[in-house]
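Results of the structural survey
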Amino acid sequence: MSAALREDHALLTAAVRDAGAVALRFFQGGVKSWHKRPNDPISEADLAVDRLLHDRLTAARPDYDWLSEESGQDLRGGRLRWIVDPIDGTRAFIDGKPEFTVCVALMQENRPVLGAIFNPASDEFFEAIAGGGTRLNGRPVQASGHADLNEARFLASRRTFERHGWLARTAKADFAYRNSIAYRMALVAIGKFDAAISLSEKSDWDVAAADLVVTEAGGRVATAAGKPLAYDAAQHRHPSVIASGAYIFDDLVGLLQDR
């Protein structure tokens, strides 16, 4: 790891920890919320966390581009770009469920090179460095080595599997759900679950940090069609997202094509 990337990593992790502390104070003390659009909630905590991250990261790296769900894009002509979701899982946050995360990635040439995902309610801090592995609260972690779809642990809706006729191949599987897609992917990275599946459209800020966290733990991340996520500076959208251990990935993609 270069000295510059090491310094960026220290900056990133410190900022995300402080942002998580701000989010946790709102979570524990009550928060005002409203809707940006129908079925798209936002809270005062989202904005406070976004301001903290923006001030800390752009002040320290004024030549890095910025992209956030809440404050948009600021192109500064840099070859590096922060991608930020101040609170992923805002609905859970507002409802008092400890299933939200603060997510930040540093992108270089449209690929994440640093990623941090922090759930302050559960005190789980996931971090990854390109070529340097993934850690949870400072300890190295690995994605699942499980290879059997039939007995897999899915972070996905059982109803979706029923609707598409997938239960025939996953009869003994377990199903669970967490509101934050980044948190779901991070739980795959540590091997607690074998796969996370979202068939709905996601944005760069939802998944960029988690993409690196999973892949550096030995897992795989792709669209439901099995294609790597493409971080297009103009679009910022992905049609679907799956994350899994490497050994189950091909069978999972094959299953998802049968719909």
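This report concerns the structure included in the present document. (Residues numbered from 1 in each chain as written. Predicted model: local features only at pLDDT ≥ 70, side-chain atom pairs only at ≥ 80, totals over all residues. Heavy atoms only, no water.)

1. Structural notes on unusual backbone geometry
Let me state the cut-off plainly: For each residue, the accessible area found with a 1.4 Å probe, counting protein chains only, is set against the maximum for its type, and the residue is called buried under 20%, exposed over 50%, and partly exposed in between.
With a phi close to 55°, Asp123 is a non-glycine residue in the positive phi region. Positive phi is not limited to glycine here, since Asn137 has a value of about 50°. Using a relative accessible area of 32% as the deciding quantity, one classes Asn137 as partly exposed.

2. Let's talk about the side chain of His236
Here is the rule we go by: Numbering goes from the N terminus for both helices and strands, where a helix is a DSSP run of H or I of at least four residues and a strand is a run of E of at least two. Here a polar contact is recorded for every N or O atom pair within 3.5 Å, except that within protein the pair must consist of a potential hydrogen donor and a potential acceptor, and residues adjacent in sequence are included only if both atoms are side-chain atoms. Contacts were defined at the residue level, with two residues in contact if any of their heavy atoms lie within 4.5 Å.
Looking at where His236 falls in the secondary structure, it is placed in the loop between strand 15 (219-222) and strand 16 (237-238). We classify His236 as buried; its relative accessible area is 10%. Within the structure, His236 has its side chain in polar contact with the side chain of Gln73 (distance 3.4 Å). With near-sequence residues (within four places) excluded, His236 lies in contact with Leu67, Gln73, Lys202, Ser203 and Asp204.

3. Overview of helix 2 (residues 44-60)
Residue pairs three or four apart in sequence face the same way in an α-helix, which turns once every 3.6 residues. Inclusion rule: In this scheme, a helix's expected span is set at 1.5 Å multiplied by one less than its residue total.
Here helix 2 is 17 residues long and its end C-alpha atoms lie 25 Å apart, about the 24 Å a rise of 1.5 Å per residue gives. Of the positions making up helix 2, those classed as buried are Ala45, Asp46, Ala48, Val49, Asp50, Leu52, Leu53, Leu57 and Thr58. The elements touched by buried residues of helix 2 are helix 1 (3-29), strand 2 (40-43), strand 3 (65-68), strand 5 (80-88), helix 3 (90-94) and strand 6 (101-108). You can read the cap of helix 2 off the contacts: a side-chain oxygen lies 3.1 Å from the backbone nitrogen of Ala45, and it is on Ser43.

4. Regarding the pattern of salt bridges
The following threshold applies: One side-chain nitrogen of Lys or Arg within 4 Å of one carboxyl oxygen of Asp or Glu is enough to make a salt bridge.
Under the criterion given, the structure shown has eleven salt bridges. Across the salt bridge formed by Asp74 and Arg76, the nearest N and O atoms sit 2.9 Å from each other. You can call Asp74 partly exposed: its relative accessible area is 27%. What makes Arg76 partly exposed here is its relative accessible area of 31%. Asp211 is the salt-bridge partner of Arg111, the closest N and O atoms lying 3.4 Å from each other. Of this pair, Arg111 sits in strand 7 (residues 111-119) while Asp211 sits in helix 6 (residues 204-216), and the two are 100 residues apart along the sequence.

5. Here's the deal with the sheet that holds strand 5
Rules: We call two strands paired when DSSP finds no fewer than two bridges between them. A fitted line through C-alpha atoms represents every axis, and for helices the fit uses only the stretch in contact; the resulting angles, taken between N-to-C directions, go from 0 to 180 degrees.
Spatial ordering of the open sheet is given by 4-3-5-6-7-8-9-10, a layout of eight strands whose pairing is mixed. Of all strands in the sheet, those with a lone pairing partner are strand 4 (72-74) and strand 10 (139-140), marking the two edges. Alignment of strand 3 against strand 5, held across four bridges, turns out to be parallel. Bridge pairing in strand 5 links Asp65 to Arg81. Along the sheet, helix 1 makes contact with strand 5, strand 6, strand 7 and strand 8 (124-129), crossing strand 7 at roughly 30°. Contacting strand 5, strand 6, strand 7 and strand 8, helix 5 (residues 181-189) runs over the sheet at an angle of about 75° to strand 8.

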